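Working through the structure, step by step
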Amino acid sequence: MRLRIILLVVAASSLVLVSFLVPLALVLRTLAADRAVSSATVQAQSMTTLVATLPTSSLRLAVTQVNAQGKGAPVTVFLPDGTVLGAPASRSAGVRLAQGGRSFTTVTPGGVEVLVAVQGLPGGTAPGGTAAPGGTAAPGGTAPGSETAPGGTAVIRTFVPEAELRHGVARAWLLLGCVGLGLLALSVAVADQLARSLVRPLAGVAQASDRLATGDLSARAELAGPPEVRRAGAGLNRLALRIGELLAHERETVADLSHRLRTPMTALRIDAESLRDHAERTQVLSDLDALERTVDEVIRVARRPTRRGTVEACDAAAVVAERAAFWLPLAEDTDRAMTIELASGELPVRVAGEDLAACMDILLENVFAHTPDGAALAVRLSRRAAGGAWLVVADDGPGFPGADPTERGHSSDGSTGLGLDIARRIAESSGGTLTIGRSASGGGSVTVGLGPLTGPADGTRRHRRTRGGPPAYPYASAGPASSFWLDGE
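Since this is a predicted model, take the numbers as computed values, not measurements. Position numbers for residues count from 1 along each chain, tracking the sequence in the order it is written. With the structure being a predicted model, the display of local features is reserved for residues of pLDDT at least 70 and the display and counting of side-chain atom pairs for 80 or more, all residues being used for whole-chain, interface and lining totals. Side-chain numbers come from the whole structure's heavy atoms, not from hydrogens or water.

**Considerations on the overall build of the chain**
Where helices and strands are cited, they refer to DSSP runs of H or I of at least four residues and of E of at least two residues respectively, numbered from the N terminus. Tallying secondary structure elements over the chain gives twelve helices and twelve strands in all. Here the chain holds 489 residues, and 36% of them are scored as buried. Across the chain, every contact between residues at least 6 apart in sequence was considered, and the portion connecting residues at least 24 apart equals 67%. The protein chains shown are the only cover counted for residues, whose accessible areas, like all others here, come from Shrake-Rupley with a 1.4 Å probe. Carbon and sulfur atoms make up 59% of the accessible area of the chain, which amounts to about 27200 Å² in all. Here's how the labels work: a residue is buried when its accessible area is under 20% of the maximum for its type, exposed when over 50%, partly exposed in between, all with a 1.4 Å probe on protein chains only. Here, residues are in contact when the closest pair of their heavy atoms is within 4.5 Å.

**Looking at the packing of helix 1 (residues 2–46) against helix 6 (residues 169–213)**
Here an angle of 0 to 180 degrees is reported between the N-to-C directions of two axes, which are lines fitted to C-alpha atoms, with helices fitted over the stretch in contact. Two elements in contact, helix 1 and helix 6, have axes separated by 9 Å at closest approach and are oriented at 165°. Looking at the two axes, helix 1 sits roughly antiparallel to helix 6. Like other packed secondary-structure pairs, helix 1 and helix 6 cross with a definite hand, here right-handed. Under the convention adopted here, Pro, Cys and the residues Ala, Val, Leu, Ile, Met, Phe, Trp and Tyr are nonpolar, Asp, Glu, Lys and Arg are charged, and Gly plus all remaining residues are polar. Among the residues forming the contact of helix 1 with helix 6, the class breakdown is 21 nonpolar, four polar and four charged. Should an angle fall under 35 degrees it is taken as roughly parallel, and over 145 as roughly antiparallel, whereas 65 to 115 is taken as roughly perpendicular and any remaining angle as oblique. If you view the pair so one helix is near and one far, a crossing is left-handed when the near helix is turned anticlockwise from the far one by less than a right angle, and right-handed when it is turned clockwise.

**Focus on the environment of Pro401**
Checked against the element boundaries, Pro401 lands in the loop between strand 10 (389–395) and helix 12 (419–429). It is 9.5 Å that separates the C-alpha atoms of Pro401 and Gly444, two residues lying 43 residues apart in sequence.

**Points about the pattern of salt bridges**
One side-chain nitrogen of Lys or Arg within 4 Å of one carboxyl oxygen of Asp or Glu is enough to make a salt bridge. Overall, the coordinates contain 14 salt bridges when judged by the stated rule. Residues Arg323 and Glu322 are paired through a salt bridge, measuring 3.2 Å at the closest nitrogen-oxygen approach. Here Arg323 falls in the buried class, since its relative accessible area comes to 12%. When its relative accessible area of 43% is taken as the criterion, Glu322 is described as partly exposed. With its nearest N and O atoms 3.2 Å apart, the salt bridge here joins Glu428 to Arg424. Taken together, the positions of Glu428 and Arg424, both in helix 12 and four residues apart, correspond to about one turn of that helix. Like Arg424, Glu428 is buried. Through salt bridges with shared partners, a single ionic network connects Asp421, Arg424, Arg425 and Glu428.

**A few points about a nonpolar patch on the surface**
A residue counts toward a patch only above 30% relative accessible area and without a salt bridge, and it is joined to like-charged neighbours within 9 Å or, for Val, Leu, Ile, Met, Phe, Trp and Tyr, to nonpolar neighbours within 5 Å. A contiguous nonpolar surface patch, about 460 Å² in accessible area, is contributed by Leu175, Val179, Leu183, Leu186 and Val190. Considering the arrangement of structural elements, one finds Leu186 in helix 6.

**Things to note about the sheet that holds strand 9 (residues 377–383)**
Pairs of strands are assigned from DSSP output, requiring at least two bridges between the strands. One open sheet accounts for five strands, arranged 7-9-10-12-11; its pairing is mixed. Because the sheet does not close on itself, it has two edges, and the strands there are strand 7 (338–341) and strand 11 (434–438). Sheet twist, expressed as the mean angle between neighbouring strand axes with direction ignored, is 15°. Relative to strand 12 (residues 444–450), strand 10 is paired through six bridges, and the arrangement is antiparallel. Among the inter-strand pairings, Leu391 is bridged to a residue of strand 12, identified as Val448. Contacting strand 7, strand 9 and strand 10, helix 10 (residues 316–333) runs over the sheet at an angle of about 170° to strand 7. On top of the sheet, helix 12 reaches strand 11 and strand 12; it is set at about 130° to strand 11, its chief contact.

**Let's talk about the packing of helix 7 (residues 227–260) against helix 8 (residues 262–273)**
Axis separation between helix 7 and helix 8 bottoms out at 5 Å; the angle between their running directions is 20°. Considered as vectors, helix 7 and helix 8 are oriented roughly parallel to each other. On helix 8, the residues touching Ser258, His259 and Arg260 of helix 7 are Arg262, Thr263 and Pro264. Split by residue class, the contact of helix 7 with helix 8 holds one nonpolar, three polar and two charged.

**Some remarks on the confidence of the model for the chain**
The predictor reports its confidence for every residue as pLDDT, a score running from 0 up to 100. Mean pLDDT over the chain works out to 79, with 81% of the residues at or above the 70 mark. Predicted confidence is poor over residues 457–489, with pLDDT under 50, and the contacts of this stretch with residues over four places away or in other chains come to 76 contacts.

**Description of the side chain of Arg336**
Secondary-structure assignment places Arg336 in the loop between helix 10 and strand 7. Using a relative accessible area of 6% as the deciding quantity, one classes Arg336 as buried. Counted as a polar contact is a pair of N or O atoms within 3.5 Å, where, for protein atoms, one must be capable of donating a hydrogen and the other of accepting one, and residues adjacent in sequence contribute only when both atoms are in side chains. A polar contact of 3.3 Å, which involves the side chain of Arg336, links it to the backbone oxygen of Pro372. Once residues within four sequence positions are removed from consideration, Arg336 is found in contact with Ala331, Val367, Phe368, Thr371, Pro372, Asp373, Gly374, Ala375 and Leu377.

**Re the pairing of strand 9**
Burial within strand 9 is extensive, with six of its seven residues counted as buried. Where strand 9 lies against strand 10, seven bridges are found, and the strand directions are antiparallel. Note that in strand 10 the partner of Arg383 across the bridge is Ala389. Between strand 9 and the antiparallel strand that follows it, strand 10, lie five residues; Gly387 among them carries a positive phi value of about 100°.

**What to know about the nonpolar core**
Side chains that are nonpolar tend, in soluble globular proteins, to be buried together. Nonpolar cores are built from buried Ala, Val, Leu, Ile, Met, Phe, Trp, Tyr and Cys residues. Side-chain atoms within 4.5 Å join them into one set. Core analysis: the biggest nonpolar cluster contains 36 residues, and Leu363 and Val448 have the highest contact counts within it. When residues of this core are traced back to their parent elements, those giving at least two are helix 10, helix 11 (353–370), strand 9, strand 10, helix 12, strand 11 and strand 12. With eight residues, helix 11 is the largest single contributor of residues to this core. Sequence-distant contacts of Val448, defined by excluding residues within four places in its chain, comprise Cys359, Leu363, Ala389, Trp390, Leu391, Ala427, Thr433 and Leu434. Listed in part, the 23 residues of the second largest apolar core include Met47, Ala73, Ala154 and Val160.

**Digging into the side chain of Asp216**
Within the fold, Asp216 resides in the loop between helix 6 and helix 7. Engagement of the side chain of Asp216 in a polar contact is seen with the side chain of Ser218, the distance being 2.5 Å.

In structure tokens form, the structure reads like this:
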């Protein structure tokens, strides 16, 4: 934006300067030529009295003195008898035309000729001689008794060379160019300051919005610049404040709702303790303890402020093994063949252990809830070539419906429709993905990509596929809409 404002001002200033300086330069050139021609004309006209009154010898001396001064254009006098006085010059067509009694200015190669006609001079005699009364000749005149020839016309020629016509024009143009460049530089400086005053507040607003986008709700825009920019900054600050208030209200609401579960759980514990069967009572109380721990964790997470700049990690192999062992007895009770294949050694991933355990519970619960008893399932955990892990949960059930099961709130079997969406968000928060497909037997298959510790965080979603790896596991999807590769150890 700053560069565009500067270019706009430069373009506008250039148009104004060109429209002003070009005509002024042309006027200066015309004035210089007119001044030179006028000076030559005045010089030629000042010689008319001398040509009309002085004899040839005196006139020659006067013309020589004028040319010797070098203050004006060179002067040449063409007398009626053909004598040429002063600066050498040819008897051009303009001179011959001026001998007819016309004074004018004409353009010739190399400059301008100024021709002044002086009429009434005796023809055929020496210039300056006239017939004396009574037939006697005046000095320099004709012999006594001779007849006076008709009056002749002398021509005074001054020549203004091209250099004289352009004298001072180049310097004036250079001065105009310097003035124009100076004005253009001044306009650029003013435009730059104007652009800075506009761009700097906008950059602050953009920076504040970027910080808000990354989850920093304490970011605020500085209220500076033009009124419009200040209003935009104020609106962004109000939006950030409102978002913080809504999030705080949401956390408190979730915590309050979770806390309300304690009353029915207390009643349930009283009922469980009244059971007579010791084994059944122990199992129910153990389940209630787990439920209470879950509720406490929900309250703790709901009240916990968003932590920025922290990296949560866990050993995926240990978490997956623990949750698979938890669900294995239920698989045995429902006559399901449960295959568990885990990568050897530690497998660190960029996700909290509680979140990965929740993801495992969601995937396995979907299998038990939406497939008939006796449908086999498999849990496989392998390493990714780029770091992280692949977690695959597949089954021999009917598979997923046509609609996207990860769409939040969508459910075709009476559930809340939040489970797979939560699992997807857990995967994406680690820098991975969640893919829905079909197993080799035609059932459902869910592949969760978990990002490495050094991978991108902050919910950055990556659609990365590792090619060239080993063949997919038997439960991996073969459908074209959700094809993927699993990396071996």
